[in-house]
Amino acid sequence: MPSLTELELTALAITIYGIKNCDTMKKARSWLEGHDVRYEFHDYKTSGIDAAVLTRWCGQVGWETLLNRSGTTFRKLPEAQKADLNERKAVALMLAQPSMIKRPVLERGARLLVGFKPEVYEKAMRA
């Protein structure tokens, strides 16, 4: 069986982004571990998030998908901050308070999954 090149291994590398104590994150991490999927965990609370990464994600899935409008952090914002949202404003909010980023964000090479659905993870791990 041929061995994978470093580039192929990098393309298969998985990083899951979120917050350690989030219930959805716990479900996603448990699913990955239960399926013997190796991954790196990036905790927004301890490591923050890079503006370039967030901007790239917005380009891939749209800021509307990334911004967690149903979370407590977003709901507690003053109405002026929630009004007239656009990508620039949404990215600034998510950078200032990464808990406003929908969780989890799973990055596997060029593929990006936002949120957790076991059937979507199952399909993504086979691709």
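Our subject is the structure that appears above.
Residues numbered from 1 in each chain as written. Predicted model: local features only at pLDDT ≥ 70, side-chain atom pairs only at ≥ 80, totals over all residues. Heavy atoms only, no water.

A.B. asks: Explain helix α2 (residues 23–34) to me, please; I cannot follow it from the model alone.
C.D. replies: One turn of the α-helix equals 3.6 residues, which is why residues spaced by three or four share an orientation. Along its 12 residues, α2 runs 16 Å from first to last C-alpha, staying within 8% of the 16 Å computed at 1.5 Å per residue. Those residues of α2 that are buried are in contact with β1 (14–18), β2 (40–43), β3 (105–108) and α9 (118–126). The first or second residue beyond α2 is D36, which carries a positive phi of 55°. (Helix = DSSP H or I, 4+ residues; strand = E, 2+ residues; numbered from the N terminus. Expected span 1.5 Å × (residues − 1). Contact = heavy atoms within 4.5 Å.)

A.B. asks: Explain the pairing of β2 here, please?
C.D. replies: The side chains of a regular strand alternate between the sheet's two faces. Here β1 pairs with β2 via 4 bridges, running parallel. Along β2, the bridge assignment pairs G18 with D43. Regarding the hand of the β-α-β motif, the stretch spanning β1, α2 and β2 is right-handed. (Pairing = 2+ DSSP bridges. Right-handed = clockwise from strand over helix to strand, strands pointing away.)

A.B. asks: Help me out: how do you make sense of the nonpolar core in this one?
C.D. replies: A general feature of soluble globular proteins is that nonpolar side chains tend to end up buried together. The biggest cluster of nonpolar side chains holds 37 residues, and the ones touching the most others in it are L32, W57, M94 and Y121. Each residue touching W57, except ones within four places of it in the same chain, is listed here: Y17, Y44, I49, G62, L66, V105, E107 and L112. (Core = buried A, V, L, I, M, F, W, Y, C linked by side-chain atoms within 4.5 Å. Buried < 20%, exposed > 50% of the residue type's maximum accessible area, 1.4 Å probe, protein only.)

A.B. asks: What is the right way to look at the packing of aromatic side chains in this model?
C.D. replies: How two aromatic rings sit relative to each other is given by the distance of their centres and the angle of their planes. For the structure shown, the criterion picks out 4 aromatic pairs. Ring centres 4.8 Å apart and planes at 80° place the aromatic pair Y17 and W57 in the edge-to-face group. Taken together, the residues span a long stretch of sequence, with Y17 in strand β1 and W57 in helix α4 (residues 51–61) at a distance of 40 residues. We classify W57 as buried; its relative accessible area is 0%. (Phe/Tyr/Trp six-rings, centres within 6.5 Å; stacked < 30°, edge-to-face > 60°.)

A.B. asks: When you look at the environment of D50 in this model, what are you seeing that I'm missing?
C.D. replies: Tracing the backbone through its elements, the reader meets D50 in the loop between α3 (44–47) and α4. For the pair D50 and V37, spaced 13 residues apart in sequence, the C-alpha to C-alpha distance is 25 Å. Within the structure, the side chain of D50 is placed 3.1 Å from the backbone nitrogen of A52, a separation counted as a polar contact. (Polar contact = N/O pair within 3.5 Å; in protein donor to acceptor, adjacent residues only side chain to side chain.)

A.B. asks: Explain α4 here, please?
C.D. replies: Looking only at α4, the buried set comprises V53, L54, W57 and C58. Summarising the axial view, the buried residues of α4 lie within an arc of 140°, below the 170-degree limit, and thus occupy one face. Counted as exposed and oriented over 90 degrees from the buried face of α4: A52 and G59. Buried positions along α4 lie against β1, α3, α5 (63–66), α8 (87–96), β3 and β4 (111–114). For α4, the side-chain oxygen to backbone nitrogen distance between the N-cap and A52 is 3.1 Å, and the N-cap itself is D50. Directly after α4, the chain includes G62, whose backbone phi takes a positive value near 90°. (Arc of directions from axis to C-beta.)

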